[in-house]
Amino acid sequence: MNSVKKIIISSVCIAVLAVILSFKSSQKTKVHIQFTNYVGNAILELDSTYKNELGQAFTIANFKYYIGNICLKKIDGKNYTTQDYFLINEHDDDSKQITLNDVPEGNYTAIEFIIGVDSLHNCSGLQKGALDPTNGMFWAWNTGYVFLKLDGQSPSSKSAGNIFEYHIGGYKKPINSIRKITLNFNSDKTVSSTTPLSVSIKADALEVLKTPTTIDFSKLPSVTDTRNAATIANNYMDMFSLLEK
Amino acid sequence: MKKSFLAILFSLLGLVLLVSFIDNVPYFLITKQDVVFKKPKGFPKPFYDLEKNKSTPAGFMLGRKLFYDPILSKDNTVSCATCHQQFAGFAHTDHSFSHGVYGLFGKRNAPALQNLIWKDAFMVDGGVNHLDLQPIAPITNHVEMDETLISVLKKLQQNKEYVAMFNYAFNDSIITSDKFLKAISQFLSLLISADSRYDRYMRGKDTLSKSELNGLKLFKTNCSSCHKEPLFTDNSYRNNGIGINPVLKDSGRFLITRMPSDVMKFKVPSLRNIEVNYPYMHDGRFYSLKQVLNHYAKISASKNKADTVLKQGMQLNEQDKTDFIAFLKTLTDKTFLHDKRFMDPGAYVYLPEPVVKKEKKMPAIKDKSIIEKYKNEWDLVQLITIDGIPQYESYIDKLDAITQNIAKQIKNQPNTELENLRLKFIASKKHKEAIKNYMIFGQPVSKDEIIKSCEKQLKSTINEAVIINSQLKEPSKKGWMVIIKYKSGNVSLKEAAFDVKYNPIEKNYVVLNTNY
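Computed from a prediction, not measured in an experiment: that's the story for all the values here. (Residues numbered from 1 in each chain as written. Chains lettered and ligands numbered in written order. Predicted model: local features only at pLDDT ≥ 70, side-chain atom pairs only at ≥ 80, totals over all residues.)

**Q** Honestly, the overall build of chain B in this entry has me stumped. Any pointers?
**A** Of regular secondary structure, chain B possesses 17 helices and 10 strands. Out of the 516 residues in chain B, the part that is buried amounts to 33%. For chain B, long-range pairs separated by at least 24 residues make up 66% of all intrachain contacts whose partners lie at least 6 apart in sequence. (Helix = DSSP H or I, 4+ residues; strand = E, 2+ residues; numbered from the N terminus. Buried ≥ 20, exposed ≤ 12 C-beta atoms within 10 Å, placed from the backbone. Contact = placed C-beta atoms within 7 Å.)

**Q** Would you mind showing me how to read the interface of chain B and chain A here?
**A** Interfaces are frequently sized by the accessible area removed from exposure as the parts join. Counting residues at the interface gives 19 residues for chain B, matched by 15 residues for chain A. Looking at the side of chain B that touches chain A element by element, the count peaks at 4 residues for helix α7 (residues 177-188) of chain B. Looking at the side of chain B that touches chain A, its residues break down into 10 nonpolar, 5 polar and 4 charged. (Nonpolar A, V, L, I, M, F, W, Y, C, P; charged D, E, K, R; others polar.)

**Q** Explain the packing of helix α2 (residues 57-67) of chain B against helix α6 (residues 160-170) of chain B to me, please; I cannot follow it from the model alone.
**A** Working note: a packed helix pair is described by the angle between its axes plus the distance between those axes. All names here are of chain B. Two elements in contact, α2 and α6, have axes separated by 8 Å at closest approach and are oriented at 145 degrees. In the crossing of α2 with α6, the sense of the turn from one axis to the other is left-handed. Listed contacts from α6 to Ala58, Gly59, Leu62 and Lys65 of α2 are Met165, Phe166, Tyr168 and Ala169. Broken down by class, the residue content of the contact of α2 with α6 amounts to 6 nonpolar, 1 polar and 1 charged. (Axes fitted to C-alpha atoms, helices over the stretch in contact; angles between N-to-C directions. Left-handed = near helix turned anticlockwise from the far one by under 90°.)

**Q** What's the story with the nonpolar core in this structure? I'm lost.
**A** Grouped together as the largest cluster of nonpolar side chains are 77 residues, with contacts concentrated most on B:Leu62, B:Phe67, B:Phe166, B:Ala169, B:Ile184, B:Leu188 and B:Leu191. When residues of this core are assigned to domains, at least three fall in each of domain 2 (32-191) and domain 3 (197-331) of chain B. Residues within four places of B:Ala169 in sequence aside, it is in contact with B:Thr56, B:Ala58, B:Gly59, B:Leu62 and B:Ala183. Counting 55 residues, the second largest nonpolar core, distinct from the first, contains A:Ile60, A:Ile111, A:Tyr166 and A:Ala205. (Core = buried A, V, L, I, M, F, W, Y, C linked by C-beta atoms within 7 Å. Domains from an automatic or database assignment.)

**Q** Is there a simple way to explain the packing of helix α9 (residues 210-222) of chain B against helix α12 (residues 318-329) of chain B in this structure?
**A** Residue and element names in this part refer to chain B. Closest axis-to-axis distance for the α9/α12 pair is 7 Å, and the angle between their directions is 90 degrees. The angle between α9 and α12 places the two elements in the roughly perpendicular class. In this structure, α9 uses Ser211, Glu212, Asn214, Gly215, Leu216, Leu218 and Phe219 to contact α12, whose residues at the interface are Asp320, Thr322, Asp323, Phe324, Ala326, Phe327 and Leu328. Partitioning the contact of α9 with α12 into residue classes produces 7 nonpolar, 4 polar and 3 charged. (Parallel < 35°, antiparallel > 145°, perpendicular 65-115°, else oblique.)

**Q** Explain the environment of A:Phe63 to me, please; I cannot follow it from the model alone.
**A** All names here are of chain A. Within the secondary structure, Phe63 is located in strand β4 (residues 57-74). In this structure, the C-alpha to C-alpha distance between Phe63 and Glu90, residues 27 residues apart in sequence, is 5.5 Å. Apart from the residues lying within four places of it in its own chain, the contact partners of Phe63 are Asn37, Leu44, Glu90, Leu150 and Ala205.

**Q** Just to check I follow, could you spell out the pairing of strand β11 (residues 163-169) of chain A for this structure?
**A** On a regular strand, each side chain points to the face opposite its neighbour's, so the side chains alternate between the two faces of the sheet. Residue and element names in this part refer to chain A. Of all the 7 residues making up β11, 5 are buried; the element is thus mostly covered by neighbouring parts of the structure. The sheet contact formed by strand β10 (residues 144-153) and β11 spans 7 bridges and is antiparallel. When the sheet's bridge partners are listed, Gln153 is paired in β11 with Ile163. Where β11 and strand β16 (residues 222-223) come together, 2 bridges link them in parallel fashion. Bridge pairing in β16 links Glu165 to Ser222. (Pairing = 2+ DSSP bridges.)

Here you go:
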């Protein structure tokens, strides 16, 4: 009887040890992603005056956007993905730093993410964290998240207070403003517990206002529903680039 | 013979009255039974996932309080119930458009709130895709409640009663958008109308008149393709040909989808409680059912690009119209319109009608000592108080155990007396549970304690005051009024500086804020 017990106990111990070892073999580590907002080549400063492609002066009062479905790509296809959403807010420096906690060690070639919120999260009721509707990035009358907000003033705008406001959303046909961004690393990035990875991303607010469509503040000072959203979405598609050291 | 019969009758009546008095639970208290979801026969599977947000008595009571509380609006004047009245099937009677904050008007007729968990989208344009998210729209709309979600949560967090209720409902006193909206949904999800005369007729429990039956026949041929039974809507969006309102220029579903084919399409509304939720149409332009019928009788598909199902119009003589309307009135669900669970919990003392429970016929008991044994056990259970707080939880658990033991005994040897005792104990237990639910919001104090506290406060502010007499007056909005007589002969009215509530069950006073 006793010997049977011993066998059982020792086999359980071995199993537990095996599980611990298997965890150890695929170690996980942190990856930091830093977003820095720019206007052209200068770091964005709220209330500084900038000029758009048409030479119209403007200041920025508010710049916010959702980043989600982050994917770190590996050569062997064993990509790392996270379902979390992050709201990058110019007014909140903490929001510009994203930390992914459980990235397996390895060589990564690119980072992929979407700007926006996927249809699943737009259709399944209450969300918490970055997607809490109290964050002010939510349309109550036509359910859905605002993916990007760029608010400010320009003397060229004829609307009250010379303001311009671009609130872009829409997750389903015919207006889908979600855009997928892929940024390839110059060389493979090695992630290990001794050398944690930091990725620095530039987000250029000026790109929201140009290429392919140059936005004229006097003609289109406001986009606050799905009308004209595609125009701006196609513009912000190329607003991200890597700041490689 | 007659006398003994009368005696039996009176003693029976007495027993019923006794049980009913024990059962005197104020209407605003909700028990577990009250929040059980029962899918009405013939209804499809709900769209809303009740498993993710199951109603509890505490959550339901909180949601109901929020529904009736104007605290949700910017100037604290408009509540959900302002435009959604129970007697109108939670629509707004006799109002084409409802008044919002500052007396502003909206552009659309307030829709009825019923069977919401079977809706795939909300608003007449279907702009909102989830029940939990729906309340945000009227709260933030500038002509309705003109608030922000953050501001509402802040106001609630500052309100001690709400903090207690959130704590009770969600085990957490930090009020978040998630808990706030889930509580409202716990109330809204149970607004189920499925007990109209039509429903009872379909279940074989009621009959319809010849006129009503002819109306039903006419309905089935002319209307049921869009107003599909049993919900009386197919949840689709259609242009019913009434034409755009030249002032409001509301193009309906198009505003959401921006698809030209959706111009002037509106969600097909349910016809349940149609008799009471007038006026009709998205802009409330028709005030009577006859006007509505006349519209559909004359409509042709060519007019205002109306839906093709309406192309033939309706051939109705005057009798048909009368019958049609008679049928539509069978959709009025009085059970729903008068359901006490959904009423405004603002007024607090209410004695529900006595409930007479039917007894099963069982043989009499031989050993009477068993009855005595259980009675003794029941009497021995004491309500323990720790630091002045009654421990209802363990008290009720012990009482519950006794009723269950009796139930077990009855299963082995059925008998009437034990069953009566069990029913009596259950009623008493329910009463204690109701008290417990109320107690959770505060501790009981005596009138004297309230007066003493007021006098103490006065003495600390006015050095010279010598109080000779004080008495408690009726509650004010903030607390209780205490009349204080000074030595000088002056009389002043002082407001108790803490929230006091009357507990109608134990007939004592409850302080919501214990830091007085």
